[in-house]
Amino acid sequence: MPDTPSEPAPAPVIVGDEPGAFPHGVLAERHPAIIRQVREAFPYGPERQRALDALLTSCLDGVIEPLPAGADARDRDRWADWGMDAYAGRSWFDVPWLWAESHFYRRLLDAVGYFGPGTWQGVDPFRPAKLAELDAPETDEELAALDGLADLPADDRTRALLHGSLWGNRADLGFRLSDSGTGTEDRVPALVADDSDTLWSLLPPAGRGTPGPRTLCLVADNAGRELVPDLLLVSHLLDEGRVDRAVLHLKPYPYYVSDATPADLLDALRRLIGAGGAAAVHGERLWAALTDGRVTVRAHPFSCAPLPYADMPDDLRGEFAAATVTVLKGDLNYRRLVGDRWWPPTTSFADATAYFPGPVAALRTLKSDVVTGLSADTEAALVASGEQRWRTSGTHALIQVRR
């Protein structure tokens, strides 16, 4: 009898306590910068300004505080279940980095009055930046490139759209069919793992493979120019009959600056439809699929949890178990999928995701330290390349699939 995959022995959890390391820089530099950017983007009154000042002080010199009681604390009990009782009173730098980052964004929403009654209730503090990216000239160029894809063979078109989704706002690389671009001094491929053939074996074109309805769960990452290519991929898979139904998992509220919410989905669809040409065809196809139920949207509370997907609740586990394949997009979802730990890079992706209740795929550019599933030769080449930040620079990507 063949051996079944088993979870590898846990590696140390990543924390942000090492000065000069990437996680420490996020907590000590990026988070304060985000607070300042949010303050400048809106004319918040004195109460909100004081709250932002208090959060800034807490990030730099303070400790983690419990969520406040009252109208703003609709999810206080949920956060208690997610670890607040264990981490309150401790330094932001001494708790799991994934938890600290997630809690920062939840506290930022408190500071700007997103949940409480008042002027700023429900106002996305990151919306100006999201719209600016969506409306940028580069987006026009990327959408115009879609018109040229129609002349490509079907397999090349599918591959181009997959790589557009993989690279996000570097989608032009995908449209040029650059599946193995070069890294530092042409010694390391940009795509450090590629299981795309396995992905397509799970989602063959209509008329091939196992009959019956195929459902894709797509756990989205960022809004704007990164959500657009995700939507284009879903539209293409529906059109080719590779999937019969798609479920888009979005964030229920603003998160990690640019993570996609249902409001961002609507902005992206309108952008596609308004662009004309092939982009409009995709946008109209998705709009119709949403209205007839072939595409549905989920904004599960666990999407904003500070925990790995190994701790997902039973209802979410059931949804993923029923899918033909679940595709998780982006760096944060990857961290939550495999666990935000110091895995040796050659740790088996299949073993790290053995808990997941169905076939799962990761499309991710590398923007944080965690990585699994690399061959020993690829890891050695990355280390030998001299590119010290290969894990975090976004210059490398991976497509990994566990059937």
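Scroll up to find the structure this text is about.
Throughout what follows, the structure given in this document is the object of discussion. (Residues numbered from 1 in each chain as written. Predicted model: local features only at pLDDT ≥ 70, side-chain atom pairs only at ≥ 80, totals over all residues. Heavy atoms only, no water.)

## Quick look at the overall build of the protein
1) Next: Helix and strand counts for the protein come out as 17 helices and seven strands.
2) Next: Taking the principal axes of its C-alpha atoms as reference, the protein extends roughly 60 × 50 × 45 Å.
3) Next: The buried share of the protein, taken over its 403 residues, is 54%.
4) Next: Pairs at least 24 apart in sequence give 76% of the contacts found in the protein among residues at least 6 apart.
5) Next: On the protein, roughly 16,600 Å² of surface is accessible, and the fraction owed to carbon and sulfur atoms is 51%.
6) Next: Here the protein carries 40 positive and 58 negative side-chain charges, and the mean point of each set is 3 Å from the other. (Helix = DSSP H or I, 4+ residues; strand = E, 2+ residues; numbered from the N terminus. Buried < 20%, exposed > 50% of the residue type's maximum accessible area, 1.4 Å probe, protein only. Contact = heavy atoms within 4.5 Å. Areas by Shrake-Rupley, 256 points an atom, 1.4 Å probe, with all protein chains shown as cover. Lys, Arg positive; Asp, Glu negative; His and termini not counted. Charge placed at Lys NZ, Arg CZ, Asp CG, Glu CD.)

## Side note on the packing of helix α6 (residues 137-144) against helix α12 (residues 262-275)
1) Next: Running from N to C, α6 and α12 cross one another at 65°; their axes reach a closest spacing of 11 Å. Note on packing geometry: the crossing formed by α6 with α12 is right-handed. The residues of α12 that touch α6, namely those facing Thr-139, Asp-140 and Leu-143, are Arg-271, Leu-272 and Ala-275.
2) Next: Residue composition of the contact of α6 with α12, grouped by class: three nonpolar, one polar and two charged. (Axes fitted to C-alpha atoms, helices over the stretch in contact; angles between N-to-C directions. Left-handed = near helix turned anticlockwise from the far one by under 90°. Nonpolar A, V, L, I, M, F, W, Y, C, P; charged D, E, K, R; others polar.)

## Observations concerning the sheet that holds strand β6 (residues 360-365)
1) Next: Taken in spatial order, the seven strands of this open sheet run β1-β7-β6-β5-β2-β3-β4, and their pairing is mixed. On the outer flanks of this sheet lie β1 (191-194) and β4 (295-298), each paired with one strand and no other. For this sheet, the mean inter-axis angle between neighbouring strands, taken without regard to orientation, is 15°.
2) Next: Relative to strand β7 (residues 397-402), β1 runs parallel, the two being bridged by three bridges. Within β7, the position partnered with Ala-193 by the bridge is Leu-398. (Pairing = 2+ DSSP bridges.)

## Observations regarding helix α8 (residues 154-167)
1) Next: Counted at 1.5 Å a residue, the expected span for α8 with its 14 residues is 20 Å, and the 20 Å between its end C-alpha atoms agrees.
2) Next: Among all positions of α8, only Thr-158, Ala-160, Leu-161, Leu-162, His-163, Gly-164, Ser-165, Leu-166 and Trp-167 are buried.
3) Next: A positive phi of about 60° marks Gly-168, the residue just after α8. (Expected span 1.5 Å × (residues − 1).)

## Some remarks on helix α2 (residues 46-61)
1) Next: Look at α2: 22 Å from first C-alpha to last across 16 residues, which is about the 22 Å you get at 1.5 Å a residue.
2) Next: Taken residue by residue, α2 has Arg-48, Leu-52, Leu-55, Leu-56, Ser-58 and Cys-59 as its buried positions. What you see down the axis of α2 is that its buried residues fit within an arc of 160°, all on one side. Exposed and facing more than 90 degrees away from the buried side of α2 are Pro-46, Glu-47, Arg-50 and Asp-61. (Arc of directions from axis to C-beta.)

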